[in-house]
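# Observations on chain architecture
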Amino acid sequence: MSDGIMSKAATMEIPISSNGDTGSLPEDDGLEQDLQQVMVSGPNLNETSIVSGGYGGTAEGIIPTSTIKGSGLHQPHAGPAVGGEEVVRGIAVEKFDIVKKWGINTYKCTKQLISERFGRGSRTVDLELETQIELLRETKRKYECVLQLARALTNHFYSLVQTQHALGDAFADLSQKSPELQEEFGYNAETQKLLCKNGETLLGAVNFFVSSINTLVNKTMEDTLMTVKQYETARLEYDAYRTDLEELSMGPRDASTLCRLDAAQSQFQSHKDKYEKLRADVAIKLKFLEENKV
C-alpha cells in the first residue's frame, strides 16, 4: 500500500502555462508556514533514555582468563541482565511505534495540504467561523499598531514631563537670584510645575491604557489564536483521514482492505471528535474575547 501511495505522490501533476511550457511554481510562503506547522509537532523522544550495548562500550565487567583457576566457580546470575534487555527492547519498540504513527500522520497531512493548495483536494470550511477568525487577526494587527503608537506617545510624553519639571526648577532658581525679574520667573516656575502635575496625571492614564491594550493583544487575543492554530491543525488532520477513508471505501472489498477500512474508520472518527471539540472551543473563546474587548 505504501508503494502505491509513494508512486502516486511521485507522479504529481506539473502545471502547464498557456504557451505549453512547464511553468515554475510561484513561491508560496503560506504553504511553507503550513508545512512547518505540520512538522513542528513531532514526537518527544527525550522523556526516557535507551541504553544499547555494542562496540565502543566500557570494559567494566571483563574478567581476564588468567584469573580463572579451579572448577569451583559460581555461574553469575543472568536474570537482571535479561530483564534489563527486555525493558530496553520494550522502550525501543514503544518509541518506534510513536515515530511510526507521527510519520504516517505527517505524511497524510502534508499530502492533504499540498492537494488543497493545488486545488485537487477538498477541505472542510465553516464560513461563519472562518470569517470571525480572519476578523480577529485583522483586529489584532490594528490593535498592535495602536499599542506601538501608544508606547511611543508614553515615551515622548514622559520626556516632556521631565523637561517641564526641570524647566520649573530652573525658573524657580532664577526667581531667587534675579530680584528684578522675581515675579516673572516665579510665575513661569508655577506654570511649569502645574503643567508637570497635570502631565503626570495624564501619563498615568496613558500607562493604564497601554497596559490594558497590551493584555488584550498579547495575552487574550494570543491565547485565542493559539486555540485557532490547534483548530486549523485538527481540521487538516480531519480532512486528511477523511480523504484516506474515502479512497479506501472506493477500492476493492477483500479481507485486508476491510481490516484497513475499519482502522481508517476508527482513526477518522477520533480526528472528527477532536476537530468538533476544538471548533466549539474556538467559537466560545471568540465570544468571550468580544465581550472582554468591549
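Structure: see above.
Residues numbered from 1 in each chain as written. Predicted model: local features only at pLDDT ≥ 70, side-chain atom pairs only at ≥ 80, totals over all residues. Heavy atoms only, no water.

Below, the discussion takes up the overall build of the chain. Within the chain, the secondary structure is distributed over six helices and zero strands. Starting at the N terminus, the α and β elements of the chain follow one another as α-α-α-α-α-α. Counting the 294 residues in the chain, one finds 23% classified as buried. Considering only contacts within the chain whose residues lie at least 6 apart along the sequence, 83% involve residues at least 24 apart. (Helix = DSSP H or I, 4+ residues; strand = E, 2+ residues; numbered from the N terminus. Buried < 20%, exposed > 50% of the residue type's maximum accessible area, 1.4 Å probe, protein only. Contact = heavy atoms within 4.5 Å.)

Right, let's get into the pattern of salt bridges. Across all of its chains, the model carries twelve salt bridges by this definition. The shortest N-O distance in the salt bridge between Arg-141 and Glu-134 comes to 3.9 Å. Between Lys-274 and Glu-237 there is a salt bridge; the shortest N-O distance is 3.5 Å. One end of the pair, Lys-274, is in helix 6 (residues 255–293); the other, Glu-237, is in helix 5 (residues 182–249), with 37 residues separating them in the sequence. (Salt bridge = Lys/Arg side-chain N within 4 Å of Asp/Glu carboxyl O.)

Positionally, Arg-242 belongs in helix 5. Given the relative accessible area of 13%, Arg-242 is considered buried. Those residues in contact with Arg-242, other than ones at most four positions away along the chain, are Ser-122, Arg-123, Thr-124 and Phe-268. A distance of 3.2 Å separates a polar atom in the side chain of Arg-242 from a polar atom in the side chain of Asp-239. (Polar contact = N/O pair within 3.5 Å; in protein donor to acceptor, adjacent residues only side chain to side chain.)

Another point: the packing of aromatic side chains. A ring pair, where both rings are aromatic, is described by two values, the distance of the centres and the angle of the planes. Tallied over the full model, the rule gives four aromatic pairs. Residues Tyr-238 and Phe-268 carry aromatic rings whose centres are separated by 5.5 Å and whose planes lie at 25° to one another, so their mutual orientation is stacked. Here the residue Tyr-238 occupies a position in helix 5, and Phe-268 occupies one in helix 6, the gap between them amounting to 30 residues. Consider the rings of Tyr-238 and Tyr-275, whose centres lie 5.0 Å apart with planes at 5°: the pair is stacked. With Tyr-238 in helix 5 and Tyr-275 in helix 6, this pair connects stretches of sequence that are 37 residues apart. The exposure class assigned to Tyr-275 is buried, which follows from its relative accessible area of 2%. (Phe/Tyr/Trp six-rings, centres within 6.5 Å; stacked < 30°, edge-to-face > 60°.)

To continue, consider the packing of helix 4 (residues 127–177) against helix 6. Here helix 4 crosses helix 6 at 40°, and the two axes come no closer than 11 Å. The orientation of helix 4 with respect to helix 6, classified from their angle, is oblique. Where helix 4 crosses over helix 6, the two elements pack in a sense that is left-handed. Every residue of helix 6 that contacts helix 4 at Leu-129, Gln-132, Ile-133, Leu-136, Thr-139 and Tyr-143 is listed here: Arg-279, Val-282, Ala-283, Leu-286, Leu-289 and Lys-293. In terms of residue class, the contact of helix 4 with helix 6 is built from eight nonpolar, two polar and two charged. (Axes fitted to C-alpha atoms, helices over the stretch in contact; angles between N-to-C directions. Parallel < 35°, antiparallel > 145°, perpendicular 65-115°, else oblique. Left-handed = near helix turned anticlockwise from the far one by under 90°. Nonpolar A, V, L, I, M, F, W, Y, C, P; charged D, E, K, R; others polar.)

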